[in-house]
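This is what each chain is made of:
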Amino acid sequence: MTGGADGVDLLADHSVLLAIPAFLPAFAVVGIIVLIAVRDRRAERRESEQSDRSPSNSDEETR
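Residues numbered from 1 in each chain as written. Predicted model: local features only at pLDDT ≥ 70, side-chain atom pairs only at ≥ 80, totals over all residues. Heavy atoms only, no water.

A. Local environment of a nonpolar patch on the surface. On the surface, L17, I20 and L24 cluster together to form a nonpolar patch covering roughly 300 Å² of accessible area. Inspection of the secondary structure puts I20 in helix 1 (residues 14-53). Exposure remark for I20: the relative accessible area of 44% places this residue in the partly exposed category. (Patch = residues over 30% accessible without salt bridge, like charges linked within 9 Å, V, L, I, M, F, W, Y side chains within 5 Å. Areas by Shrake-Rupley, 256 points an atom, 1.4 Å probe, with all protein chains shown as cover. Salt bridge = Lys/Arg side-chain N within 4 Å of Asp/Glu carboxyl O. Helix = DSSP H or I, 4+ residues; strand = E, 2+ residues; numbered from the N terminus. Buried < 20%, exposed > 50% of the residue type's maximum accessible area, 1.4 Å probe, protein only.)

Structure (structure tokens):
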């Protein structure tokens, strides 16, 4: 298809340039979702570490 006439050089494929506005927001949304997931997992890990370090008061409350 692109191997047409002699002496004609194909310099750029403009369909790639037209696709950038469609894919850029999608990549941004995926990046934001990944960022939120990573922050949530770090916060969950911190909370579990804090609960493991602090002594349980449930034994004192039941007595």
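On we go.
B. Quick look at a positive patch on the surface. Judged by side-chain charge, R41, R42, R45 and R46 come together as a positively charged surface patch. The topology assignment puts R42 in helix 1. (Lys, Arg positive; Asp, Glu negative; His and termini not counted. Charge placed at Lys NZ, Arg CZ, Asp CG, Glu CD.)

These figures come from the coordinates and say nothing about function on their own.
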